[in-house]
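The residues making up each chain are set out below.
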Amino acid sequence: MRVAIAADHGGYALKEQMKNVLKELNMEVHDFGTDSEQSVDYPDYGIKVAEGVAKGDFDRGILICGTGLGMSIVANKVPGVRCAVVHDCFSAKATREHNDTNVLAMGARVIGPGLAEEIVRIWLTTEFAGGRHEQRLDKIRLIEEKYGQEEGVRGC
Ligand code: RB5
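What counts, and at which threshold
- Starting from 1, residues in each chain are numbered consecutively following that chain's sequence as written.
- For this predicted model, a pLDDT threshold of at least 70 governs which residues receive local features, and a threshold of 80 or more governs which side-chain atom pairs are given and counted, while totals over whole chains, interfaces and linings are taken from all residues.
- Excluded from the side-chain calculations are hydrogens and water; all other atoms, namely the structure's heavy atoms, are used.
- All axes here are fitted lines through C-alpha atoms, helices being fitted over the stretch that makes contact, and every angle between N-to-C directions spans 0 to 180 degrees.
- Counting from the N terminus, the helices are the DSSP runs of H or I reaching at least four residues and the strands are the DSSP runs of E reaching at least two.
- Angles are sorted into four bins: roughly parallel if under 35 degrees, roughly antiparallel if over 145, roughly perpendicular if 65 to 115, and oblique for all others.
- In this scheme the crossing of two helices becomes right-handed for a clockwise turn of the near helix relative to the far one and left-handed for an anticlockwise turn of less than a right angle.
- Should any heavy atoms of two residues lie within 4.5 Å, those residues are counted as being in contact.
- Residues are classed as near a molecule or strand on a simple rule: at least one heavy atom within 4 Å of it.
- Identification of polar contacts relies on pairs of N or O atoms within 3.5 Å, with a donor-acceptor requirement for protein atoms, meaning one able to donate a hydrogen and the other able to accept it, and with residues adjacent in sequence counted only if both atoms are side-chain atoms.
- Note on areas: Shrake-Rupley with a 1.4 Å probe; residue coverage comes only from the protein chains shown.
- Throughout, the ten residues Ala, Val, Leu, Ile, Met, Phe, Trp, Tyr, Cys and Pro are labelled nonpolar, Asp, Glu, Lys and Arg are labelled charged, and all others, Gly among them, are labelled polar.

(A) Local environment of the packing of helix 4 (residues 89–97) against helix 5 (residues 113–125). Two numbers describe how helix 4 lies on helix 5: the axes approach to 9 Å, and their chain directions differ by 20°. In terms of orientation, helix 4 lies roughly parallel with respect to helix 5. For helix 4 against helix 5, the interelement crossing comes out right-handed. Residues Cys 89, Ala 92, Lys 93, Thr 95 and Arg 96 of helix 4 form the contact with helix 5, whose own contacting residues are Leu 115, Glu 118, Ile 119, Ile 122 and Trp 123.

(B) Structural view of the site of the ligand. Near the ligand the following residues occur: Asp 8, His 9, Tyr 42, Cys 65, Gly 66, Thr 67, Gly 70 and Arg 109. Here an oxygen atom of the ligand and a backbone polar atom of Gly 66 are 2.7 Å apart. Within the backbone of Gly 70, one N or O atom sits 2.9 Å away from an oxygen atom of the ligand. In the complex, 72% of the free accessible area of the ligand, which totals 300 Å², lies under the protein chains. Of the residues contributing to the shell around the ligand, the split by class is 2 nonpolar, 4 polar and 2 charged.

(C) How the structure looks around the packing of helix 1 (residues 12–24) against helix 5. Here helix 1 crosses helix 5 at 40°, and the two axes come no closer than 10 Å. When the axes of helix 1 and helix 5 are compared, the pair comes out oblique. The handedness of the crossing between helix 1 and helix 5 comes out as right-handed. For the pair formed by helix 1 and helix 5, the contact residues are Leu 14, Gln 17, Met 18, Val 21, Leu 22 and Glu 24 on the first element and Pro 113, Ala 116, Glu 117, Val 120, Arg 121 and Leu 124 on the second. By residue class, the composition of the contact of helix 1 with helix 5 is 8 nonpolar, 1 polar and 3 charged.

Set out below in C-alpha cells:
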C-alpha cells in the first residue's frame, strides 16, 4: 500500500514516529514534510497529501497537526477525499468500515505515540464494509457534484 504522510510543526515529531510504524507494516511511504518543528502553515502540507490521494498517486494519506482538525478541514476540501480525525481505536475501525476514509488525521497535542500507533495499525488494516454504507458514500459524492466539484482533482 502506498501511504502519503505530512504534518505541520505541531505534528512533526509524531509524523517521524509514525513513519517507522508504516515501514514496519511494509508500507511504501512518501513524506511530504514538514521537516522540523519550525512553524509552518498546515494547509500547505495537508493539500499535498489530499491531492496525492485524490489523484490516485497514493492509496491512503495520514495527516498530523496539533489537533488533527485543521488538517482534516483542508483534506476534506479536496473532492474524492474522505478524511476523519481519529483519537480512539473504535473510531479508527468504524471510519474505515462505514466511511471508507482514505485520509486519517490525528492531533499530536491530543494523543501520545502509543495510541497513535495503534490507531494507524487499525486504520490501515480494516476493510470498508460496503453494503448499506455504499449508498451513503454515493450521497457524499452527490454533494460534491452539487457544489461543482464533480471533476475533482482527477479531472484537472
Ligand atoms: C498550530 O499551532 C495548530 O494550529 C495546528 O497544528 C493545528 O492544530 C490546527 O488545526
